[in-house]
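# Structural features, examined
Residues per chain are reported as follows:
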Amino acid sequence: MRILKKPLVTEKMSALNKRGIYGLIVDDRANKYQIQKEIERFYGVTVHKINTMRYAGKPITRHTKSCVIKGKRPSYKKVLITLKAGDVIDFYGNF
């Protein structure tokens, strides 16, 4: 199971990054302990605190010439991670 899906790169998250708080989208089935171990292994940092949020998929409707198409966006789990003082995650660095 791949726990970490993608980092959140928004203006609000960039402002929080300066205070040592980072946001990620993770697998819905992962718990805080699994997320912490994966982040510490993948990025090589020490996690101080984790906050998780679950978002339900929103309904979407699209009107076309022939009919109305209804569907739903996928649900996801967002994580805010507070790192130990002095640790930094560089999402923009070259791999």
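Just above sits the structure.
This is a predicted model, so every value here is computed, not measured.

### Notes on the environment of Arg73
Turning to its location among the elements, Arg73 is positioned in the loop between strand 5 (68-72) and strand 6 (76-83). Leaving out residues up to four positions away in the same chain, Arg73 has contacts with Gly57, Lys58 and Ile60.

### Focus on the nonpolar core
Among the nonpolar cores identified, the biggest contains 16 residues, and Leu24, Ile35, Ile39, Ile81 and Leu83 are the most heavily contacted of them. Discounting chain neighbours no more than four positions away, the residues touching Leu24 are Leu4, Lys6, Pro7, Leu8, Ile39, Tyr43, Lys77, Lys78, Val79, Ile81 and Phe91.

### Describing the side chain of Glu38
Within the fold, Glu38 resides in helix 2 (residues 32-43). Glu38 sits in the buried class, given a relative accessible area of 19%. In this structure, Glu38 is in contact with Ile3 and Leu4, ignoring residues within four places of it in sequence.

### Side note on the sheet that holds strand 3 (residues 47-55)
Hydrogen bonds between backbone groups are what pair the strands of a sheet, and the pairing can be parallel or antiparallel. Strand order in the open sheet made by the four strands is 1-2-6-3, with antiparallel pairing throughout. Edge positions in the open sheet fall to strand 1 (4-7) and strand 3, since each of these has one partner strand only. Averaged over all adjacent pairs, the angle separating strand axes in this sheet is 30°, with direction ignored. Against the sheet, helix 2 makes contact with strand 1, strand 2 (21-26), strand 3 and strand 6, and its axis sits at roughly 125° relative to strand 3, the strand it touches most.

### Comments concerning the pattern of salt bridges
For the coordinates displayed, the defined rule picks out two salt bridges. Between Arg29 and Asp27 there is a salt bridge; the shortest N-O distance is 3.1 Å.

### Observations regarding the environment of Glu40
Checked against the element boundaries, Glu40 lands in helix 2. Along the primary structure Glu40 and Ala30 are separated by 10 residues, whereas in three dimensions their C-alpha atoms are 15 Å apart. Not counting residues up to four positions away in its chain, the partners in contact with Glu40 are Val45, Thr46 and Val47. Polar contacts involving the side chain of Glu40 include one to the main-chain amide nitrogen of Val47, which spans 3.3 Å.

What counts, and where the lines are drawn
Residues numbered from 1 in each chain as written. Predicted model: local features only at pLDDT ≥ 70, side-chain atom pairs only at ≥ 80, totals over all residues. Heavy atoms only, no water. Helix = DSSP H or I, 4+ residues; strand = E, 2+ residues; numbered from the N terminus. Contact = heavy atoms within 4.5 Å. Core = buried A, V, L, I, M, F, W, Y, C linked by side-chain atoms within 4.5 Å. Buried < 20%, exposed > 50% of the residue type's maximum accessible area, 1.4 Å probe, protein only. Pairing = 2+ DSSP bridges. Axes fitted to C-alpha atoms, helices over the stretch in contact; angles between N-to-C directions. Salt bridge = Lys/Arg side-chain N within 4 Å of Asp/Glu carboxyl O. Polar contact = N/O pair within 3.5 Å; in protein donor to acceptor, adjacent residues only side chain to side chain.

These values are about where atoms sit, not about what they do.
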